[in-house]
Amino acid sequence: MIYKVASPTELLAVTGWGIVDIRLVKKAYVWPFQKCTRVDLSPVNYTFEVQAMSSEKLPFILPAVFTIGPRVEDEEKVLLYAKLLSSHDKQSNHVNELVQGVIEGETRVLAASMSMEQIFKGTKEFKKEVFEKVQLELDQFGLVIYNANVKQLVDVPGHEYFSYLGQKTQMEAANQAKVDVAEAKMKGEVGAKLRDGQTKQNAAKIDAETRIVEMQREGEGDKERVRVKTDVEIFKYRKDAEVAEANAELAAKRAGWTQSAQLAEVEAAKAVELRSAELQSEVEQKNALTRKEKLKAELLSKASVEYDIKVQEANWELYKKLRAADAILYEKQKSAEGEKASADAALYARQQAAEADLYAKKKEAEGIMAIAEAQGASLNTLLKQLGGSYEALRDYIMLTNGSFLDIAKINSQAVQGLNPKISVWSTGSNNIHGGGNGAMKEIAGIYSMLPPLLQTVNEQTGMLPPPWLGKLTEPGSSAPE
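Note that the structure is predicted; figures quoted are calculated from it, not measured.

## Things to note about the overall build of the chain
Logical step 1: Counting secondary structure elements, the chain contains eight helices and nine strands.
Logical step 2: Relative to its full complement of 481 residues, the chain shows a buried share of 17%.
Logical step 3: A separation threshold of at least 6 residues defines the contact pool for the chain, and within that pool the share at least 24 residues apart is 58%.
Logical step 4: Within the structure as shown, the chain displays about 37400 Å² of accessible surface, and the carbon and sulfur contribution to it stands at 59%.

This is the structure:
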């Protein structure tokens, strides 16, 4: 078991035992029969120079830089990327060719439907179209375009469209500049005269307005001075009235305060006398209660002490009995719990063994089914590739499994140890005894064939011909007797 942790820009793709497909996590324990692969989620820049052709058959080069990476916010897309591309380095030729093929294909198709003028003037729209179409193709690999930067269009060597277009633009700009200079010079001279006249008109207008404003300000200043003077007089009268009213209120309040002080002095003296009488009465009551309680305590103290002693003895006997009962009950509970735990452990062990056996049989059945499905798919594919010929499929399977070699070995073992003798003979010339023909010729041929045939049979099997047919001669003789 190994504990692995991914970096901030990575995920761990764990497969193997106990996992149905792929599990993507940031950290995990990797158990035996499991495999862990790091999936890099950081985007990568891909720089291409796409050669395309417009609808007017004008070739051009489109330099572009695409920033592409996995779509990390979509778990299904990340899982798809981990399945298809995580085994390859993002800078490898495989990924580069994949991304370049998608971008070049979509760019060429889009450029072929647009004129050169549309592509050149509508670079923003062209970039947006390329971005959307390429993104649709990359979705099936779980990739997303983070940024697409389409640079300035460049001429293909041998085709100077943009060069000529630039020269045309420069000439038009130079001519327009000359026109603008002349027009600016004319506007400057006319504008100078116009500004001079407007300056004089505005100066006279401002002088008149200034005099009017000065007269208005002077009248407003006089009015404001009169208003302020009047407000000051009114404020003085109001303050004098408020002072007189405050003095009257103060005199009335002083009289009330004097009366209240005298009443408070009288009430305080009477309250002191009343409180003194109440305290004297309370002291006498307390003395009587004290004497009563003292007598009661002397009479009841002895009885209370005896009662407490008996209560404590009874409580101690009850406590001992309760403790003994609790000990017996606790012992019985623990014994029952131990028996229950033993039974639970035995039941759990049997359950685990049964589940392990069931899981092993289930996995064995799944493996057999997977092998059968894979073999069936492979045979269907081979049959399609061989044009539906079952004989060709049979021969291919026998060649793959080595059946022909096994047949050859069996046949070779069947004849192993044999020592055959092969005899070759010839009946000689067709001219026998003067070159006769007809039936005698055929009979002579058969008769000339018998000696070597009988000799061969004897050598192969050890059998001798019947005496009436002939007798074999010793080696070196030419014919039987």
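## A word on the confidence of the model for the chain
Logical step 1: Per-residue confidence for the chain averages 76 on the pLDDT scale, and 84% of its residues sit at or above 70.
Logical step 2: Counting contacts from residues 476–481, a segment whose pLDDT is below 50, to residues more than four positions away or on other chains yields nine contacts.

## Comments concerning the sheet that holds strand β2 (residues 10–16)
Logical step 1: Read from one edge of the open sheet, three strands run β3-β2-β5, paired in antiparallel fashion. In this open sheet, the two strands that pair with only one neighbour each are β3 (23–25) and β5 (34–40). When the angles between neighbouring strand axes are averaged without regard to direction, this sheet yields 30 degrees.

## A few points about helix α1 (residues 75–84)
Logical step 1: All of the buried residues in α1 are V78, Y81 and A82. Relative to the axis of α1, the buried residues are bounded by an arc of 100 degrees and lie together on one face.
Logical step 2: Against β2, β3, β5, β7 (59–70) and β8 (143–150) lie the buried residues of α1.

## A short note on the pairing of β7
Logical step 1: With twelve of its twelve residues buried, β7 lies for the most part within the structure.
Logical step 2: Across ten bridges, the pairing between strand β6 (residues 44–53) and β7 is antiparallel. Considered in β7, the bridge of E49 is made with P63.
Logical step 3: Here β6 folds back onto β7 in antiparallel fashion, the turn holding five residues, of which K57 has a positive phi close to 65 degrees.
Logical step 4: Relative to β8, β7 runs antiparallel, the two sharing seven bridges. Directly across from F66, in β8, lies its bridge partner A148.

## Considering the environment of V5
Logical step 1: Following the sequence through the fold, V5 ends up in strand β1 (residues 2–5).
Logical step 2: Taking the C-alpha atoms as reference points, V5 and K26, 21 residues apart in sequence, are found 6.1 Å from one another.
Logical step 3: In this structure V5 touches L12, K26, K27 and R38, once residues within four positions along its chain are discounted.

## Considerations on the environment of Q135
Logical step 1: In this fold, Q135 is placed in helix α4 (residues 123–138).
Logical step 2: Put simply, Q135 and E106 are 29 residues apart on the chain and 10.0 Å apart in space, counted from C-alpha to C-alpha.
Logical step 3: Excluding anything up to four places from it in sequence, Q135 contacts R71, L143, V144 and I145.

## Notes on the pattern of salt bridges
Logical step 1: Across all of its chains, the model carries twelve salt bridges by this definition.
Logical step 2: Note that D326 is salt-bridged to R323, the shortest N-O span being 2.6 Å. You can see D326 and its partner R323 sitting in helix α5 (residues 161–385), three residues apart, about one turn around the helix.
Logical step 3: Exposure remark for D326: the relative accessible area of 33% places this residue in the partly exposed category.
Logical step 4: For R323, a relative accessible area of 44% corresponds to the partly exposed category.
Logical step 5: Note that K361 and D357 form a salt bridge whose closest N and O atoms lie 3.7 Å from each other. Here K361 and its partner D357 are both found in helix α5, four residues apart, which amounts to about one turn of the helix.

## Here we look at the nonpolar core
Logical step 1: Core analysis: the largest hydrophobic core is formed by 37 residues, its most contacted members being F66, I68 and I103.
Logical step 2: Considering each element in turn, this core owes the most residues, seven residues, to helix α2 (residues 93–112).
Logical step 3: What F66 contacts, discounting residues up to four positions off in sequence, is V44, N45, Y46, I103, V130, I145, N147 and A148.
Logical step 4: The next biggest cluster of nonpolar side chains, apart from the first, holds eight residues, and it includes A6, L12, V30 and C36.

## Looking at a nonpolar patch on the surface
Logical step 1: Residues M1, Y3, V5, Y29 and W31 make up a contiguous nonpolar surface patch of about 560 Å² in total accessible area.
Logical step 2: Following the sequence through the fold, W31 ends up in the loop between β4 (27–30) and β5.
Logical step 3: The class for W31 is partly exposed, based on a relative accessible area of 42%.

About the criteria used
Residues numbered from 1 in each chain as written. Predicted model: local features only at pLDDT ≥ 70, side-chain atom pairs only at ≥ 80, totals over all residues. Heavy atoms only, no water. Helix = DSSP H or I, 4+ residues; strand = E, 2+ residues; numbered from the N terminus. Buried < 20%, exposed > 50% of the residue type's maximum accessible area, 1.4 Å probe, protein only. Contact = heavy atoms within 4.5 Å. Areas by Shrake-Rupley, 256 points an atom, 1.4 Å probe, with all protein chains shown as cover. pLDDT = per-residue confidence, 0-100. Pairing = 2+ DSSP bridges. Axes fitted to C-alpha atoms, helices over the stretch in contact; angles between N-to-C directions. Arc of directions from axis to C-beta. Salt bridge = Lys/Arg side-chain N within 4 Å of Asp/Glu carboxyl O. Core = buried A, V, L, I, M, F, W, Y, C linked by side-chain atoms within 4.5 Å. Patch = residues over 30% accessible without salt bridge, like charges linked within 9 Å, V, L, I, M, F, W, Y side chains within 5 Å.

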